[in-house]
Structures are given as C-alpha cells and as structure tokens.
Amino acid sequence: MSQATDTDVREDGIIESVSGPVVTARDLDARMNDVVYVGSEGLMGEVIEIEGNITTIQVYEETSGVSPGEPVEGTGSPLSVDLGPGMLDAIYDGVQRPLDVLEEKMGSAFLDRGVDAPGIDLEKTWEFTPEVEEGDEVEAGDIVGTVPETPSIDHKVMVPPDSEGGEVVAIESGNFNVEETVVELDSGEEIQMHQEWPVRQQRPTVEKETPTEPLISGQRVLDGLFPIAKGGTAAIPGPFGSGKTVTQHQLAKWADADIVVYVGCGERGNEMTEVIEDFPELEDPTTGNALMDRTCLIANTSNMPVAARESCVYTGITIAEYFRDMGYDVALMADSTSRWAEAMREISSRLEEMPGEEGYPAYLSARLSEFYERAGYFENINGTEGSVSVIGAVSPPGGDFSEPVTQNTLRIVKTFWALDADLAERRHFPSINWNESYSLYRDQLDPWFEDNVRADWPETRQWAIDTLDEEAELQEIVQLVGKDALPEDQQLTLEIARYLREAWLQQNAFHDVDTFCEPEKTYRIMDAAKTYNDAAFEALDAGVPVEEITDIDAAPRLNRIGVQEDYNEYIDDLEDDIESQLRELY
Ligand SMILES: Nc1ncnc2c1ncn2[C@@H]1O[C@H](COP(=O)(O)OP(=O)(O)OP(=O)(O)O)[C@@H](O)[C@H]1O
Ligand SMILES: [Mg+2]
C-alpha cells in the first residue's frame, strides 16, 4: 500500500494534538480519506475530518511518543489497496501490509511503527498469458490476460475500472513483475498486472442480480435449514465461547467459494495465531492443493492498533470485489464485526462526536449497511458474473442480542445464525438455535436444491421444521407436567425430534468425516429420520405401544450416520432394519 517512507517525513503540516489513535494537524493541505504520514517516525494515518485548517487523522499505528510540533506529510492519495497477483496465500494487517514482510523488516510482527511495505511483491515475476490481441478494442474491466497465481487460481489481469479503454497496440507474453507494462493502448495508456483501488469505494459493477445458488457450507444445520446464497449476507451472533470462530473457520475451509477472504478483526491474538498457523497447513478438499492457494488472510488482533481495525474490513471487502471482478465466487468472513464497531466507537469518542446508542456513533448503522451492501451476486463490468458473500460474526456483550451492533446487523443481513449459550453448554454443536435463526434465501434457493439434490428437498425440510417446532411447543408442556403425561403420538414426536437434533443438526467440526457434509448426505440423514417417523407412526396406529417403538435397536444408529464415509450403504441398511424391526412389532 502507498509508497515507502524510509526517507524523512516532509513537513506539509504540523501536529496540533494527539489523543490515542486520533491526531490533529494544522496547515495540512489534504482531502478526506487521504493517506498521510504522521510524526517524525512517519506513522501511517488517514484523514477522517477537515475543519478550517485543522485536519483530523486516524493513525494506524501506536502513537505513544508522538508529540505536537512534529511534521505530517500528505500523500495526496486515498487509503487504497494494491490489487494484483500475490494476494492469495498472503497474510496482511488491517492496511494491507504483509505480516511476513513486516516481520522481516522489524523482527516482530505486532510491534512495528513507521514501516511501510507494499501489499504485493513488486519484484516477483509472474507468467503473463495474453487473452486479447493487438488491434482488439478493450474497455474498463476487460480481462487482457491471465497469470497462474497459485495451483488453484488463475489470476485475471484486467483493464482498471477507471480506464477510458482503447485499441490494444502492444501486448507482451512472458514473465514480468507487477510494475512492468504488459499492454499498451492507442490512447497511450499502459496496463500493468496490478492496480490500486480506494478501500472505501465499492468497485463498479453493471448490476446486482437476485442470487439463486447456495453457498454450500457442508454444515447440515446451515445448508439444511438456513442456507446462505452465493452473494448473500449472514450474521453469526453469539455469546462468548458459543462457536462463532469455529463456524467461521468451517466456512473458510468448506464453503464452495472460489476465493476466501478471512478478516480476523480485533479478536484475541491467540485466536488469530491459530488461523495464521492452522490455515497454511490445511488442504483444500476440492482440489487437494493448499487451502491458502485460494485464501487471503487479514489479521488485526486486539493488541494491534484500533484504527487499523476500523480499516481491515474495507481492505478485505475491496480484495474480495477485485476477485469477484474476475468472475469468481468469493466468500468473506469477518470475525468479529463487533470489534470493528468498537473501533468506530473509540475513534468517534476521541473526536467528541455526539454518541448514539450505547456510545456507538450515530452512523453505526449506515457503516454496517454500506459494508454489507458490497456483498451480492453481480454482473461485472467485463460481462462476467461473480459474487461476494459476506458472513460477519457478532459478539454481543453478555450474549444480549438487543444491543446496537446485533440489532443493526439484523436489519441488514438476510441470514441469521443465532448461536446459543445453552446449546453450547449442553455440547450441542454447532450451537445454532433453530428456533431463532432464519434465512430469507430459503425459498429462492429451493429450485437449486430440487434440481441438484432431490426434488422433494423442500417438503422433507418442511417436515423437519414442523417436527422441531412441535417439539419446542411440547417441551413447554413437558416442563410443566412431565413427558409421561403426554399422549403417545406426542411422545413419539419428541423421540423423532431428538434424532433430528442429534443425528442431523449436531455436527462435529473436529471429526475427520463429520466435519463436512455434502448436500446429498444432509438430505439423506434428514430423510432417514423421516423414514423412522413414518414407519413408527404406522406401528403406533397399529396399536404398538410407544415404548416398544422407541426401543428398537436400529434407531440409535441414526446418530452415527454423520461419521460414516460410505453413508449411502449405511443408510440403506439402516432404513431396512428400522422398517423390518418395527414391522415385527405388529
Ligand atoms: N461445530 C463444532 N463442533 C465441535 N465443537 C465446537 C463446534 N463449535 C464450537 N465448538 C466448541 O466450542 C468452543 C468455542 O468455540 P469458538 O471459539 O468458536 O467460540 P466463539 O464464539 O468464537 O468464542 P469467543 O467469544 O471467545 O470468540 C470450541 O473450542 C469447540 O470446543
Ligand atoms: Mg471467537
């Protein structure tokens, strides 16, 4: 990002005051969102307010020791990311400085100040293969060539979105670094393999389309009950330790996105260290290559400066949009958006802005919706289609969903995966509360499930939902009068619902086989429970006592389907056994 500042800081303005991450400067000629270098160490900052000749800057690095009177240098450019080959497999901080490069320069990843490092390696060469020829007309966004960025992903080199376009007068093939010109247009414009884009500005598209394909997560409760679309938005609110991070990691590993951008935002250092250490070891289940070959990590941990936490989600979504422009399906996970909102709150209070609810700035909801708005299934300006799905964890203090960040997020996102402390305590994982959660994509995704999994997917799922709903109602009665006071058919429903919960909704993220469940398997487990249900009610109608029905030895085998690799054969046998064992009772 931006240029290096190994030289002295030019005195375009003078520091007036320093309050944590917020610095004011006098006589600085800068525009909103411009990047500036602050103090004699040249700490990176961004202009967030201008009043008369006083400019307010949020500084992306620790400001202790920075004093009034020190210089501030303007760069004249807005906070931008550098986009080009080399972002996959990278780990960045909140302003796209590669953590490994920082570490090399400074010896420690988390303590540096005043170090700038380009977001992508400027020296590394990439093999560029042209996709257009001399004489071709190209427009903004058009793909002019490809680069094998990783074994999993071909990087598409595109005409920058703000280009006038023109006729190709020269195009090279071979090995180049990202700063060398690969295409020349008749207008004199030269195109390189990288481009800059301001992070706070959405990259242009032609149209947002209605998403019709699910982002398959391999998690039964999500795909089965609360699916998210490719290009959709989802929130995962949950109290401390309820499984937000595990759910985000599961999505990063298993979701059928081409590209994953994982933003670790303000969470504990050890959680992020886990990501940084774990992800590079993981295999991509679909290609067998490294998972990092299609992943970009952005890490801003709780011990890193708060302003860089404010920017990390923008850095992440801009990178996501860039890959979307190539025609890819991108999934962005942000863990946790609450820490981002808290960063906004801290900076707002330093600015002495009028606080809104619980001290959050009045623009909290606008910022959240601007961010989630950048998700979607799009027709890109080059005619390709691509998507950005956004999944944000929310960490409400005390697990109280009525607080402002959860409430404002709820108004925006279309999928709500509510994690539940009680379920987590009972070791029901993923502890997604099926009564409170919802997906507004369910109906529009049904045709996909009907065409690609089973024609009766919606009906079977509806049966599961009805059974779980009925269980929730019956539980209230059971609490008052006990289970034995219920009529036999209701006792049986409770038993079936228990299997739905244990065999279908529960899923162990740490079991080699159970960690991922393809949609066909999700269907078959649900359907196996229904097979038991239908045969059991037939037996009940024939006069068999409910205890005998629930006692058959085949039934508990339902709970072991999740861990079966050859699940089809296992389920075929199980269904036969359930039916014949019940038939023997009458
Ligand atoms: N799908 C799952 N399968 C098995 N165990 C799970 C699953 N989800 C969560 N857990 C268990 O719950 C623990 C806490 O999960 P996690 O760290 O994701 O919670 P969190 O909501 O991110 O917590 P925090 O608020 O501290 O960030 C995990 O370490 C794991 O033991
Ligand atoms: Mg967590």
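Residues numbered from 1 in each chain as written. Chains lettered and ligands numbered in written order. Predicted model: local features only at pLDDT ≥ 70, side-chain atom pairs only at ≥ 80, totals over all residues. Heavy atoms only, no water.

Q: Which residues make up the overall build of the protein chain, and what values go with them?
A: Along the protein chain, the regular secondary structure elements total 15 helices and 26 strands. The globule rule puts the C-alpha radius of gyration for 586 residues at 25 Å, and the 27 Å found for the protein chain is close to it. Structurally, the protein chain occupies a C-alpha span of about 90 × 55 × 40 Å along its principal axes. Residues counted as buried form 57% of the 586 residues belonging to the protein chain. With the model as given, the accessible surface of the protein chain reaches about 23500 Å², and the carbon-plus-sulfur share is 43%. Here the protein chain carries 40 positive and 122 negative side-chain charges, and the mean point of each set is 6 Å from the other. (Helix = DSSP H or I, 4+ residues; strand = E, 2+ residues; numbered from the N terminus. Rg over C-alpha atoms; globule rule 2.2 N^0.38 Å. Buried < 20%, exposed > 50% of the residue type's maximum accessible area, 1.4 Å probe, protein only. Areas by Shrake-Rupley, 256 points an atom, 1.4 Å probe, with all protein chains shown as cover. Lys, Arg positive; Asp, Glu negative; His and termini not counted. Charge placed at Lys NZ, Arg CZ, Asp CG, Glu CD.)

Q: Could you give me a rundown of the pattern of salt bridges, with the residues and numbers involved?
A: Summed over all chains, the structure comprises 28 salt bridges. The partner of Asp 256 in a salt bridge is Lys 230, with the nearest N and O atoms 3.1 Å apart. Within this pair, whereas Asp 256 is found in the loop between α3 (244-254) and β20 (259-265), its partner Lys 230 is found in the loop between α2 (220-225) and β19 (233-237), the two being separated by 26 residues in sequence. For Arg 294, the salt bridge goes to Asp 284, with nearest N and O atoms at 2.8 Å. Residue Arg 294 is located in the loop between α4 (269-278) and β21 (295-300), and its partner Asp 284 is located in the loop between α4 and β21; the two are separated by 10 residues in the primary sequence. Side by side, Arg 294 and Asp 284 carry an identical accessibility label, which is buried. Several salt bridges converge on common partners, so that one network encompasses Glu 46, Arg 200, Glu 310 and Arg 367. (Salt bridge = Lys/Arg side-chain N within 4 Å of Asp/Glu carboxyl O.)

Q: Describe the UniProt feature "binding site: ATP" (unreviewed entry) in the protein chain, naming the residues involved and giving the relevant values.
A: The UniProt feature table records "binding site: ATP" (unreviewed entry) at Gly 238, Pro 239, Phe 240, Gly 241, Ser 242, Gly 243, Lys 244 and Thr 245. Here Pro 239 shows up in the loop between β19 and α3. For Pro 239, the contacting residues outside a window of four places in its chain are Lys 244, Gly 399, Leu 419 and Ala 421. Assessed through its relative accessible area of 18%, Gly 243 is described here as buried. (UniProt positions renumbered as here; feature names shortened; annotations may be inferred. Contact = heavy atoms within 4.5 Å.)

Q: Run through the domain arrangement of the protein chain, naming residues and quoting values.
A: Each domain of the protein chain was delimited in the assignment, giving domain 1 (13-80), domain 2 (121-193), domain 3 (207-442) and domain 4 (457-583). Here domain 1 and domain 3 have C-alpha centroids that lie 30 Å from each other. Domain 1 puts 13 residues into the contact, and the matching count from domain 3 is 11 residues. Taken over both partners, the interface formed by domain 1 and domain 3 buries close to 880 Å², and the fraction arising from carbon and sulfur atoms is 67%. Here domain 1 is connected to domain 3 by zero salt bridges. The tally of links from domain 1 across to domain 3 stands at two residue pairs in polar contact (both at pLDDT 80 or more). (Domains from an automatic or database assignment. Buried area = accessible area lost by both parts, 1.4 Å probe. Polar contact = N/O pair within 3.5 Å; in protein donor to acceptor, adjacent residues only side chain to side chain.)

Q: Outline the pairing of β19, supporting the account with residue identities and numerical values.
A: β19 sits mainly inside the fold: five of its five residues count as buried. Side chains Thr 233, Ala 235 and Pro 237 project from β19 onto one buried face, and the interleaved Ala 234 and Ile 236 project onto a second face that is buried too. As paired strands, β19 and strand β25 (residues 415-416) are joined by two bridges and run parallel to one another. Looking at the pairing, Ala 234 lines up with Thr 415 of β25. (Pairing = 2+ DSSP bridges.)

Q: Go over the packing of helix α11 (residues 457-481) against helix α13 (residues 519-541) with me, naming the residues and quoting the values.
A: Axis separation between α11 and α13 bottoms out at 10 Å; the angle between their running directions is 55 degrees. The orientation of α11 relative to α13 falls into the category oblique. Our pair here, α11 against α13, has a crossing hand that is left-handed. In contact with Trp 457, Thr 460, Arg 461, Trp 463 and Ala 464 of α11, α13 contributes Pro 519, Thr 522, Tyr 523, Met 526, Asp 527, Ala 529, Lys 530 and Asn 533. Broken down by class, the residue content of the contact of α11 with α13 amounts to seven nonpolar, three polar and three charged. (Axes fitted to C-alpha atoms, helices over the stretch in contact; angles between N-to-C directions. Parallel < 35°, antiparallel > 145°, perpendicular 65-115°, else oblique. Left-handed = near helix turned anticlockwise from the far one by under 90°. Nonpolar A, V, L, I, M, F, W, Y, C, P; charged D, E, K, R; others polar.)

Q: Requested: an account of the site of ligand 1, with residues and values cited.
A: Inspection of the region around ligand 1 gives 18 residues, with Gly 241, Gly 243, Lys 244, Thr 245 and Val 246 positioned closest. With respect to ligand 1, the backbone of Gly 241 contributes an N or O atom lying 2.9 Å from an oxygen atom. Taking Ser 242, its main chain carries an N or O atom lying 3.2 Å from an oxygen atom of ligand 1. The protein chains hide 81% of the 630 Å² of surface that ligand 1 would expose on its own. Per-element tally for the shell around ligand 1: the top contributor is α3, with three residues. (Near = heavy atom within 4 Å.)

Q: Got a sec to walk through the sheet that holds strand β4 (residues 43-51)? Specific residues and values, please.
A: As summarised here, the arrangement of the six strands in space is β1-β2-β5-β4-β3-β6, forming a closed barrel in which the pairing is antiparallel. Across the sheet, the mean angle from the axis of one strand to that of its neighbour is 45 degrees, orientation sign disregarded. One ladder, built from five bridges, connects strand β1 (residues 13-19) with strand β2 (residues 22-26); its direction is antiparallel. The partner of Ser 19 across the bridge, within β2, is Val 22.

Q: Lay out the packing of aromatic side chains with the relevant residues and their values.
A: Under the definition given, this model contains 12 aromatic pairs. Aromatic pair Tyr 314 and Trp 340: ring centres 5.9 Å apart, planes at 80 degrees, arrangement edge-to-face. Here Tyr 314, found in helix α5 (residues 306-325), pairs with Trp 340, found in helix α6 (residues 337-350); they are 26 residues apart in sequence, far enough to count as distant. No difference in accessibility class separates Tyr 314 from Trp 340, as the two residues are buried. Ring geometry for Trp 448 and Phe 449: centres 5.2 Å apart, planes at 85 degrees, overall edge-to-face. (Phe/Tyr/Trp six-rings, centres within 6.5 Å; stacked < 30°, edge-to-face > 60°.)

Q: Give me the lowdown on the UniProt feature "domain: Rhodanese" (unreviewed entry) in the protein chain, citing residues and values where you can.
A: Here, the residues flagged by UniProt with the feature "domain: Rhodanese" (unreviewed entry) are residues 320-349. In residues 320-349, the share of helix is 63% and the share of strand is 23%. The end C-alpha atoms are 30 Å apart.

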